[in-house]
Amino acid sequence: MVDANSKGNRRERELVNELDERGFAVMRAPASGAATDRELPDVLAGNGDRFYAIEAKSSAGDPIYLTGEEVEALVYFAKNFGAKPRIAARFDREDWYFFHPGDLHTTDGGNYRVKKETALADGSDLAELAGDSRKVTLDEITVAEPESDTLDVLRAVESGELSAEEGAEML
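Source: prediction; values computed, not measured.

Asker: So what's going on with the packing of aromatic side chains? Which residues, and what values?
Answerer: The description of an aromatic ring pair rests on the distance of the ring centres and on the angle between the ring planes. Evaluated as defined, the whole model comprises 2 aromatic pairs. Centroid distance phenylalanine 24 to tyrosine 52: 6.2 Å. Interplanar angle 50 degrees. Geometry classified as tilted. Within this pair, whereas phenylalanine 24 is found in the loop between α1 (4-21) and β1 (25-28), its partner tyrosine 52 is found in strand β3 (residues 51-59), the two being separated by 28 residues in sequence. With relative accessibility at 2%, the residue tyrosine 52 sits in the buried group.

What follows is the structure, given as structure tokens:
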């Protein structure tokens, strides 16, 4: 059985490699705070336009929890460093998804939680983090109204004046 720390370290190295492939200069913090008294993020990444302090967490499928202290330390470090704080969440057989700490669910105990379904639905993927794409919601998409001739044909098919085949030919 793989111990959780070695799996976490492997996932952090994987994230560093993926960010590097996207053109970021990347540094993985040594033991993420264990080697120093200061709380450090797991990963620092920048590409000249975007700078991130990242706390990386992974899970087989169970929700990911972060303590309030972990998130506060990340936000504090990021602010002082001039970076944007991000929580990176990766579930087995899924990509990395990124969240601003303020977008995470806060538990009654003051901790933070990311569920797999939340990551897939609401998280930013690596392309969005890098600025290569932008998530678009259904509310942002406008559908053009059909032309009146098209509507006339569709109404004629609906009322039975035209067969579906006749309507398709006309369109």
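Here the narrative resumes.
Asker: Let's hear about the pattern of salt bridges: which residues, and what values?
Answerer: Opposite charge on two side chains permits pairing when their charged atoms draw close. Tallied over the entire structure, the rule returns 9 salt bridges. Linking arginine 11 and aspartate 92 is a salt bridge whose minimum nitrogen-to-oxygen distance equals 3.0 Å. On the criterion of sequence distance, the pair formed by arginine 11 in helix α1 and aspartate 92 in the loop between β5 (84-91) and β6 (96-99) is long-range, its members being 81 residues apart. In this pair, the class of arginine 11 matches that of aspartate 92, namely buried. Among the salt bridges present, the one from arginine 22 reaches aspartate 132, with a minimum N-O distance of 2.7 Å.

Asker: Describe the environment of aspartate 92, with residues and values.
Answerer: Classification of aspartate 92 as buried rests on a relative accessible area of 14%. Between the C-alpha atoms of aspartate 92 and serine 58, which are 34 residues apart in sequence, the distance is 7.7 Å. Of note is the side chain of aspartate 92, whose polar atom sits 3.0 Å from the side chain of arginine 11.

Asker: Describe the pairing of β6, listing the residues and the values that go with them.
Answerer: Of the two faces of β6, the one holding Trp96 and Phe98 and the one holding Tyr97 and Phe99 are both buried throughout. As judged from the 4 bridges shared by β5 and β6, these two strands associate in the antiparallel manner. In the strand pairing of β6, alanine 89 is matched with tyrosine 97. Joining the antiparallel neighbours β5 and β6 is a turn of 4 residues, in which arginine 93 adopts a positive phi near 65 degrees.

Asker: So what's going on with the sheet that holds β6? Which residues, and what values?
Answerer: Reading across from one edge, β1-β2-β3-β5-β6 is the order of the 5 strands in this open sheet, with mixed pairing throughout. The open sheet has two edge strands, β1 and β6, and neither has a second partner. The sheet shows a mean angle of 25 degrees between the axes of neighbouring strands, taken without regard to direction. Where β3 meets β5, 8 bridges bridge the pair, whose relative direction is parallel. Bridging from a neighbouring strand, lysine 57 pairs with alanine 89 of β5.

Conventions we followed
Numbers given to residues run from 1 along each chain, matching the order in which its sequence is written. Since the coordinates come from a predicted model, pLDDT governs what is reported: local features require at least 70, and pairs of side-chain atoms require 80 or more to be given and counted, while whole-chain, interface and lining totals use all residues. With hydrogens and water excluded, all non-hydrogen atoms of the structure serve as input to the side-chain values. The aromatic pairing rule takes the rings of Phe, Tyr and Trp, using the six-membered ring of Trp, and pairs them if the centres are within 6.5 Å, calling planes under 30 degrees apart stacked, those over 60 edge-to-face and the rest tilted. Only DSSP runs of H or I covering at least 4 residues are called helices, and only runs of E covering at least 2 are called strands; the numbering of each starts at the N terminus. Whether a residue is buried, partly exposed or exposed follows from its accessible area with a 1.4 Å probe, protein chains only, as a fraction of its type maximum: under 20%, in between, or over 50%, in that order. Within this document, salt bridges are pairs made up of a side-chain nitrogen of Lys or Arg and a carboxyl oxygen of Asp or Glu, the two lying within 4 Å of each other. For this analysis, a polar contact is any N or O atom pair within 3.5 Å, provided that within protein one partner can donate a hydrogen and the other can accept it, and provided that sequence-adjacent residues contribute only side-chain to side-chain pairs. Only strands that DSSP links by at least two bridges are regarded as paired with each other. Fitted lines through C-alpha atoms serve as axes, helices being fitted only where they are in contact, and the angles separating the N-to-C directions of these axes extend from 0 to 180 degrees.

Honestly, that's just the spatial picture; any functional story needs more than this.
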